[in-house]
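A closer look at the structure
Here is how the chains run, residue by residue.
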Amino acid sequence: LLMTSLSEGFLYYHYQHGNRPDWKGAFLIVRQKMNAEDLIAATRPELGMFYLGRNVTYINNISTDRLKTSSGRTWFVIEESTSPINPDTREWILQNTELIQVRELYLPGKNLSIYIYLYDPATESRTHLKPANFAVL
């Protein structure tokens, strides 16, 4: 009985992050890999500003036309269960960025995973990885 309670508590707090998306872990990955001049866009920019201590743009305010002419890198931190993104923006991200990491969290009936993508216009050959469930989040 005690072992069951301890294992459930461990899963809840350490693996499932309190049944919440792991925003802290997602932005830690970005912090470790970003350059000072990189643009960061997220579905929850207020959490990015909290964890990174810098400006983070709301993902639906990003102009893909502007990104095409930009010479700088852009990070996309996406969790669509609470804040969906524009379909055109989603498609552009899938076609033009590299999937850096997925912070997975699946609960019965919902997917709270966070997808971290990087757009780097200086990279000639990009790896275009499309998670099978991205479009249905």
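Residues numbered from 1 in each chain as written. Predicted model: local features only at pLDDT ≥ 70, side-chain atom pairs only at ≥ 80, totals over all residues. Heavy atoms only, no water.

1. A look at the overall build of the protein
For the record, the criterion: Put simply, DSSP marks the helices as runs of H or I at least four residues long and the strands as runs of E at least two long, and each gets a number from the N terminus on. In this scheme, a residue with accessible area under 20% of its type's maximum is buried, one over 50% is exposed, and one in between is partly exposed, where area comes from a 1.4 Å probe on protein chains only. Should any heavy atoms of two residues lie within 4.5 Å, those residues are considered in contact.
Scanning the protein for helices and strands turns up five helices and seven strands. Relative to its 137 residues, the protein shows a buried fraction of 39%. Residue pairs in contact within the protein that sit at least 24 positions apart in sequence constitute 57% of those at least 6 positions apart.

2. Brief notes about the packing of helix α2 (residues 23-33) against helix α3 (residues 45-52)
Applicable threshold: Lines are fitted to the C-alpha atoms to define the axes, a helix being fitted only along its stretch in contact, and any angle between axes, read from their N-to-C directions, falls within 0 to 180 degrees. Each crossing gets its hand from how the near helix is turned against the far one by less than a right angle, where anticlockwise is left-handed and clockwise is right-handed. In the scheme used here, Gly and all other residues not listed as nonpolar or charged are polar, with Ala, Val, Leu, Ile, Met, Phe, Trp, Tyr, Cys and Pro taken as nonpolar and Asp, Glu, Lys and Arg as charged.
Packing of α2 against α3 leaves a shortest axis separation of 10 Å and a crossing angle of 60°. Between α2 and α3 the crossing geometry is right-handed. The residues of α3 that touch α2, namely those facing Trp 23, Lys 24, Phe 27 and Arg 31, are Leu 47, Gly 48, Tyr 51 and Leu 52. Its residues placed into classes, the contact of α2 with α3 shows five nonpolar, one polar and two charged.

3. Some details on the pattern of salt bridges
Pairs may arise between side chains of opposite charge once their charged atoms sit close together. Condition: Every case where a carboxyl oxygen of Asp or Glu lies within 4 Å of a side-chain nitrogen of Lys or Arg is listed as a salt bridge.
Applying the stated criterion across every chain, the model contains four salt bridges. Here Arg 44 ties to Glu 46 by a salt bridge, and the two come within 2.6 Å at their closest N and O atoms. Residue Arg 44 is classed as partly exposed on the basis of its relative accessible area, which comes to 28%. A salt bridge links Arg 90 to Glu 80, with the shortest nitrogen-to-oxygen separation between them at 2.7 Å. Taken together, the positions of Arg 90 in helix α5 (residues 87-96) and Glu 80 in the loop between β3 (74-78) and α5 put the pair 10 residues apart, joining distant regions of the chain. Neither Arg 90 nor Glu 80 differs from the other in exposure class; each is buried.

4. Observations regarding the sheet that holds strand β2 (residues 57-58)
Stated formally: Two strands qualify as a pair provided DSSP detects at least 2 bridges between them.
Reading across from one edge, β2-β1-β3-β7-β4 is the order of the five strands in this open sheet, with mixed pairing throughout. In this open sheet, the two strands that pair with only one neighbour each are β2 and β4 (98-103). The pairing of β4 with strand β7 (residues 114-119) spans five bridges and is antiparallel. Directly across from Val 102, in β7, lies its bridge partner Tyr 115. Seen against the sheet, α5 touches β3 and β7 and runs at an angle of roughly 65° to β7.

5. Side note on the confidence of the model for the protein
What counts, and what does not: Scored between 0 and 100, pLDDT is the confidence that the predictor attaches to each residue.
With 71% of its residues at a pLDDT of at least 70, the protein reaches an overall mean of 80. Throughout residues 124-137 the model reports pLDDT below 50, and contacts reaching past four residues in sequence, or to other chains, amount to 32 contacts.

6. Observations concerning the environment of Trp 75
Inspection of the secondary structure assignment puts Trp 75 in strand β3. Trp 75 sits in the buried class, given a relative accessible area of 1%. Between the alpha carbons of Trp 75 and Ala 41 there is a distance of 6.0 Å; along the sequence they are 34 residues apart. Setting aside its immediate chain neighbours within four residues, Trp 75 contacts Val 30, Lys 33, Met 34, Asp 38, Leu 39, Ile 40, Ala 41, Ile 100, Ile 116, Tyr 117 and Leu 118.

7. Observations regarding the environment of Tyr 119
Structurally, Tyr 119 can be placed in strand β7. On the basis of relative accessible area, Tyr 119 is assigned to the buried category, the value being 6%.

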